[in-house]
Amino acid sequence: MKVIDSGICSVKGVSSYGIKPGKMGLAVIVAEGNAAGVFTRNKVIAAPLVVTREALNKNGKLAAIIANSGNANAFTGEEGLADAREMAAILSRKLGVDSDLIGVASTGVIGRKLDVGWINDNIDEVMNSLTSSSQGTSNAARAIMTTDTFPKMAAVELSSGICIGGIAKGSGMIEPNMGTMLGFIYTDAEVASDVLESCLKKAVDKSFNMVVVDGDTSTNDMVLLTATGASGVTPDIVEFQQGLEHVLTDLAKQIAKDGEGATRLIEVQVKGAVSVEDARLVAKAIVRSPLVKSAVFGKDPNWGRVVAAAGYSGADVDQEKISLAFSNGSDSAALVDNGKIISGDSELLNELGSIMGSPEVIIIVDLDLGDSCATAWGCDLTYDYVRINAEYTT
């Protein structure tokens, strides 16, 4: 596959745009086709998710998505549900399609009434600017940002010429199943809705569901996948799955890198687990640990915290078999070998200093109990994380 730059607008049949004049933002993506979605597992579910899930269950298709930032429209009761339906109706009237073909998404502060009037007042500016250029991708991606510091987009072209592209937002309240994140993914392949759903769930499990910024699961998380079919090509499903996973993993890593206040991306690679589930438990326990995250922020190679997190993860772990290393992608320093501590000489300490000061810190754990592996992503825990979240509504 080939990595390409223009995100969702590289996909045939997609046009988009967005605006964000202040804290409020509005994005529209127009692309008709079979569709599937994955939604938060939080039992407090925002109104837009209810509306979008109903639409997918009824049709298995979407014609467009309307998304706002600055207000989550969550924990807003029947009034919030009516507001989410009105968002769908606003766009359906502009496009001349059934409102049951409109996906609705919101992100921002929980428990505040949505300003539907603002959306109605600004929808024409967005609709009049819809484009299939890369500008459409970047503007839509910016419009859905909250505490994000940069727009998140990714796309690939498969050997058959099929494109898969996506945009996402997410920075805090991140621990998918899924975490405050929205993902809108598109392909111009011809794929049935049930196949899209199966592929999306597998890809989300390997990507967005392996990101931890702070361990909080949001009320508004959703990932939607739409296939326009505009290429006229039915894909090889193995290659399609690989392409989808590449796009979602790229977006997931961007979310982890942009964690609120983050200065370093943390990648945890676990191998030698008795099952994939165990490998995921260990990887997420390590990347979730406030002590591990704080150590990475302080450039402190406190590997004992990593071992402790593996031990309480709930996975099968034998402390006499664990091996552990830190890396930055080019240099690597082994710290534990089959349960035995590797004594630190000056060369090792120099390597560790260089690794811990890198923009990306990779923690490699071998449990030596089986053949399964998993990778999780997160970020360090900084003073700025507390500042950003202490001031979020003020």
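Residues numbered from 1 in each chain as written. Predicted model: local features only at pLDDT ≥ 70, side-chain atom pairs only at ≥ 80, totals over all residues. Heavy atoms only, no water.

As for the confidence of the model for the chain
Part 1 of the argument: With 94% of its residues at a pLDDT of 70 or more, the chain shows a mean pLDDT of 91.
Part 2 of the argument: When the criterion is pLDDT under 50, residues 173-179 qualifies, and its contacts beyond four places in sequence or with other chains add up to 46 contacts. (pLDDT = per-residue confidence, 0-100. Contact = heavy atoms within 4.5 Å.)

Topic: the packing of aromatic side chains
Part 1 of the argument: Summed over the entire model, instances satisfying the criterion amount to 1 aromatic pair.
Part 2 of the argument: Ring plane angle 90 degrees and centroid distance 5.2 Å describe the contact between Phe-297 and Tyr-383, whose orientation is recorded as edge-to-face. Residue Phe-297 is located in helix 8 (residues 290-297), and its partner Tyr-383 is located in helix 11 (residues 383-390); the two are separated by 86 residues in the primary sequence.
Part 3 of the argument: Note on Phe-297: relative accessible area 23%, which makes it partly exposed.
Part 4 of the argument: A relative accessible area of 68% means that Tyr-383 is categorised as exposed.
Part 5 of the argument: When the ring centre of Phe-39 is taken as origin, the NZ or CZ atom of Arg-53, which lies over that ring, is 5.6 Å away.
Part 6 of the argument: When the ring centre of Phe-150 is taken as reference, the NZ or CZ atom of Lys-152 above it lies at 4.4 Å. (Phe/Tyr/Trp six-rings, centres within 6.5 Å; stacked < 30°, edge-to-face > 60°. Helix = DSSP H or I, 4+ residues; strand = E, 2+ residues; numbered from the N terminus. Buried < 20%, exposed > 50% of the residue type's maximum accessible area, 1.4 Å probe, protein only. Lys NZ or Arg CZ within 6 Å of the ring centre and 35° of its normal.)

Regarding the pairing of strand 7 (residues 163-169)
Part 1 of the argument: Here strand 7 lies mainly inside the structure; 7 of its 7 residues are buried.
Part 2 of the argument: Burial along strand 7 is two-sided: Cys-163, Gly-165, Ile-167 and Lys-169 facing one way and Ile-164, Gly-166 and Ala-168 facing the other are all buried.
Part 3 of the argument: Where strand 6 (residues 152-157) and strand 7 come together, 6 bridges link them in antiparallel fashion. Looking at the pairing, Ala-154 lines up with Gly-166 of strand 7.
Part 4 of the argument: Counting the residues between successive antiparallel strands, the hairpin from strand 6 to strand 7 contains 5 residues, one of them, Gly-161, with a positive phi of roughly 95 degrees. (Pairing = 2+ DSSP bridges.)

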